[in-house]
Amino acid sequence: MNESKKAMSIDHLQQLDKIVSLSKSRGFIFQSSEIYGGLGAVYDYGPLGAELKRNIRDAWWREMTQKHENIVGVDAAIFMHPKVWEASGHVEGFNDPMIDDKQSKKRYRADMLIEQHIEKLRKDGKEKEAEQVKELLDTSGTRVGLCEDLHKIIMDYEIKAPESGAFDWTDVRQFNLMFKTQFGAVASAEDADAVYLRPETAQGIFVNYKNVMDTARQQIPFGIAQVGKAFRNEVVARQFVFRMREFEQMEMQYFVKPGADEEQYNEWLNKRMEWHKGIGIREKYLRAEPHPPDKLAHYARAAADIQYLFPIGWQEVEGIHNRTDFDLSQHQEYSGKKLEYFDQSTRDRYVPYVVETSVGLDRTILMVLCDAYREEEVEGETRTVLKMHPELAPITAGIFPLVKKPELQELSRKIEKDLREDYRVLYDEAGSIGKRYRRLDEAGTPFCITVDFDGLEDNTVTIRYRDDMKQERISADKVGEVIRSASKSWKPESK
Ligand code: ATP
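In this text the structure is predicted, and so the values were computed from the model without any measurement. (Residues numbered from 1 in each chain as written. Predicted model: local features only at pLDDT ≥ 70, side-chain atom pairs only at ≥ 80, totals over all residues. Heavy atoms only, no water.)

Q: Could you clarify how one ought to interpret the overall build of the chain in this entry?
A: Looking only at helices and strands, one finds 16 helices and 24 strands in the chain. Referenced to the eigenvectors of the C-alpha coordinate spread, the extents of the chain come out at roughly 80 × 65 × 50 Å. For the chain, with 495 residues in total, the buried portion stands at 52%. At a minimum sequence separation of 6, the contacts of the chain that also span at least 24 residues come to 66%. Summing over all exposed atoms, the chain offers an accessible surface of approximately 24,100 Å²; the carbon and sulfur share of this is 48%. (Helix = DSSP H or I, 4+ residues; strand = E, 2+ residues; numbered from the N terminus. Buried < 20%, exposed > 50% of the residue type's maximum accessible area, 1.4 Å probe, protein only. Contact = heavy atoms within 4.5 Å. Areas by Shrake-Rupley, 256 points an atom, 1.4 Å probe, with all protein chains shown as cover.)

Take a look at the structure:
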């Protein structure tokens, strides 16, 4: 059965609700502790999501460590010595300014509230007022103090609470995003004993810099890569897996000689952009946005976001930062341990500069889902399909006997067993072939193999391709080979 399709015009920017609902119905992503009503901004990955996540993580790890002889991996603990977060500046400065609506008791990020107000003014055609508020927001913190400045803008422009519509605000206060917990049996509630859940994986790399230097026989420039959980008590966390309180980061810190940092920063920005295209993201939905010099974080000499056009607009997926020698110098000072590099050939001694690439695994998953999601009209019905890179797909192939007959089942099972050595596959004999295709289209499965009676005669099967639904007859012995070469040659344009 050949299917013919018509692309339905579905606005890329209106897809988020559909993706959330498909994620749940097909088992990609569930709300955490859902049977208890869920936990805000915490999510669990289901069977398909766990495979997709693993495939993306593996693709990143392979790219960073396997393909670069001078990048090695570590897997540091989530708990770290409390001094780490003093040295890194997180205890003092990892804050968001927040304000509470006294009526609804809801908490908002003060800067975001003002951003939303600016958007609203623009929509209402009040461009001049929007510009005024934007100017004040951009220069906030330069007059009295950040909190006071933001509070004054909210008061002066009478910005109301989005949910309750009330204008009954508390003061703006700094809210530290780190989760604090107690450690060991004798922990007290005193801050001195506080242990934090790490808000980024990077520090696990900096504190191990010397260990890795001493053991992995690396010379500068070299990198350390890590994938792991990070935790942030985000104030605004309402955008599915885009902003979570527990999430996973894939970070690489590249240690370079001071002076070589600028070139390496540009090189890594390009390399990382290419990686996003390489995992099948359409180029037109990707862009690099440099941070203006006056908006740089305290540790950075240069920074850029790699952004994707999500249904919620252009947003950061990955940050590329030139962190200078800030982190290693801080840890040198706080720990009292020398973290210098000695260059044997030039007899130079210096604290290396660091170029960092930091990408969110969960945000990448959301980007892959958004970029893959399509609705098409096929024979009068809507087909929902995830056109993702075959190498990311949770299930690579479906194997179907045309009908439940022992001869067909036997050959199907044999093909399934062979493919299982290299791929995750699914054997399915329930329902019509059309229904079986549709189920796997929604799972993003790029290939379906159907075994019929004609094939038993000449040892052939039909392979059906997800993206264009074309079908081909191929030798039953060549299924693995055909899948391998079609996966390798797949291009996002074929979406
Ligand atoms: P944002 O401005 O969106 O809060 P950030 O600039 O604080 O992000 P970084 O600290 O640079 O982000 O973290 C690097 C990456 O980690 C981000 O590009 C993003 O992909 C991911 N990330 C950060 N915070 C979250 C979160 N709360 N939920 C999911 N992913 C996150």
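Q: What is the right way to read a nonpolar patch on the surface from this model?
A: Side chains of Leu-402, Val-403, Phe-453 and Leu-456 sit close together on the surface and give an oily, nonpolar patch of about 290 Å² of accessible area. As for its position among the elements, Leu-402 is in the loop between β20 (397-401) and α13 (406-420). Assessed through its relative accessible area of 35%, Leu-402 is described here as partly exposed. (Patch = residues over 30% accessible without salt bridge, like charges linked within 9 Å, V, L, I, M, F, W, Y side chains within 5 Å. Salt bridge = Lys/Arg side-chain N within 4 Å of Asp/Glu carboxyl O.)

Q: Quick question: what am I supposed to make of the site of the ligand here?
A: Around the ligand, a shell composed of 15 residues is seen, among which Glu-234, Arg-243, Met-244, Glu-316 and Val-317 lie nearest. For the ligand, a nitrogen atom lies 2.8 Å from a polar atom in the backbone of Met-244. Between Arg-363 and the ligand, the recorded distance is 3.0 Å, taken from a side-chain N or O atom to an oxygen atom. When the ligand is considered free in solution it has 590 Å² of accessible area, and contact with the protein chains removes 82% of it. (Near = heavy atom within 4 Å. Polar contact = N/O pair within 3.5 Å; in protein donor to acceptor, adjacent residues only side chain to side chain.)

Q: How do you make sense of the environment of Ile-78 when you look at a structure like this?
A: Here Ile-78 shows up in the loop between β4 (71-73) and α3 (82-87). Separated by 120 residues in the primary sequence, Ile-78 and Arg-198 have C-alpha atoms spaced 5.7 Å apart. Look past the residues within four positions of Ile-78 in its chain and what remains in contact with it is Tyr-196, Leu-197, Arg-198, Lys-229 and Phe-231.

Q: I would appreciate a short explanation of the packing of aromatic side chains in the present structure.
A: Two aromatic rings are characterised by how far apart their centres lie and by the angle between their planes. All chains considered together, the criterion is met by 16 aromatic pairs. Seen from their ring centres, Tyr-108 and Trp-169 are 5.8 Å apart, and the 85° between their planes marks the pair as edge-to-face. Of this pair, Tyr-108 sits in strand β6 (residues 107-109) while Trp-169 sits in the loop between α7 (146-156) and β7 (173-176), placing them 61 residues apart in sequence. Look at Tyr-341 and Tyr-350: their rings are 5.6 Å apart centre to centre, the planes differ by 55°, and that puts the pair in the tilted class. With respect to class, Tyr-341 is no different from Tyr-350; both count as buried. (Phe/Tyr/Trp six-rings, centres within 6.5 Å; stacked < 30°, edge-to-face > 60°.)

Q: In this structure, what is going on with the sheet that holds β7? I would like to understand it.
A: Either a parallel or an antiparallel arrangement is found when strands of a sheet pair, and the pairing is made through backbone hydrogen bonds. Across the sheet, 3 strands lie side by side as β6-β5-β7; this open sheet has antiparallel pairing. Where the open sheet ends on each side, the last strands, each with one partner, are β6 and β7. Across the sheet, the mean angle from the axis of one strand to that of its neighbour is 50°, orientation sign disregarded. Bridge count between strand β5 (residues 95-100) and β6: 3 bridges; the pairing is antiparallel. Bridging across to β6, Asp-100 finds its partner in Arg-107. (Pairing = 2+ DSSP bridges. Axes fitted to C-alpha atoms, helices over the stretch in contact; angles between N-to-C directions.)

Q: What should I look at first to understand unusual backbone geometry in this one?
A: Most of the time, phi is negative for any residue but glycine, and the peptide bond is trans. Note the cis peptide between Ile-220 and Pro-221, where omega equals 5°. Secondary-structure assignment places Pro-221 in the loop between α9 (209-216) and β10 (222-231). Residue Thr-324 is not a glycine yet carries a positive backbone phi of 50°. Along the chain, the position of Thr-324 falls in strand β14 (residues 313-324).

Q: Hey, could you run me through the sheet that holds strand β23 (residues 460-465) in this one?
A: The sheet built from 5 strands is open, its strands ordered β21-β20-β22-β23-β24 with mixed pairing. Each edge of the sheet is formed by a strand with only one pairing partner; in this case those strands are β21 (425-427) and β24 (471-475). For this sheet the average axis-to-axis angle between neighbouring strands, irrespective of direction, equals 25°. Bridge count between β20 and strand β22 (residues 447-451): 5 bridges; the pairing is parallel. Paired with Ala-397 across the bridge in β22 is Phe-447. Strands β20, β21, β22, β23 and β24 of the sheet are contacted by helix α14 (residues 433-442), whose axis makes an angle of about 170° with β20. The strands touched by helix α16 (residues 479-489) are β20, β22, β23 and β24; relative to β23, the strand with the most contacts, the crossing angle is about 20°.

Q: In this structure, what is going on with helix α10 (residues 261-278)? I would like to understand it.
A: Since one α-helical turn is 3.6 residues long, residues separated by three or four positions face the same way. Between its first and last C-alpha atoms α10 spans 25 Å; for 18 residues at 1.5 Å apiece the expected length is 26 Å, and the two agree. Those residues of α10 that sit buried are Asp-261, Gln-264, Tyr-265, Trp-268, Leu-269, Arg-272, Met-273, Trp-275 and His-276. Gly-280 occupies a position one or two residues after α10 and carries a positive phi of about 100°. (Expected span 1.5 Å × (residues − 1).)

Q: Where do I start with α13 in this structure?
A: Taking 1.5 Å per residue as the helical rise, α13 with its 15 residues ought to reach 21 Å, and the 21 Å between its terminal C-alpha atoms agrees with that figure. Within the span of α13, buried status applies to Leu-408, Leu-411, Ser-412, Ile-415, Glu-416 and Leu-419. Seen end-on, α13 carries its buried residues on one side only, within an arc spanning 140°. Within α13, the exposed residues directed more than 90 degrees away from the buried face are Pro-406, Glu-410 and Lys-417. Tucked into the core, α13 has its buried residues touching β20, β21, β22, α15 (453-458), β23 and α16. (Arc of directions from axis to C-beta.)

Q: Sorry if this is basic, but what is going on with the pattern of salt bridges here?
A: Oppositely charged side chains can form a pair if their charged atoms are brought close together. Tallying each qualifying case throughout the model produces 45 salt bridges. When the shortest N-O distance is used, the salt bridge between Glu-127 and Arg-122 registers 3.1 Å. Ionic contacts of the salt-bridge type, sharing partners, join the residues Glu-376, Arg-383, Lys-387, Arg-438, Asp-441 and Arg-464 into one network.

Q: When you look at the domain arrangement of the chain in this model, what are you seeing that I'm missing?
A: The accessible area lost on association of the parts is a frequent measure of interface size. Taken as a whole, the chain is organised into domain 1 (7-80 + 195-370), domain 2 (95-176) and domain 3 (395-488). The C-alpha-based centres of domain 1 and domain 2 are spaced at 29 Å. In this complex, domain 1 contributes 7 residues to the contact, which on the side of domain 2 involves 8 residues. Summed over both sides, the interface of domain 1 with domain 2 buries roughly 670 Å², with 57% coming from carbon and sulfur. (Domains from an automatic or database assignment. Buried area = accessible area lost by both parts, 1.4 Å probe.)

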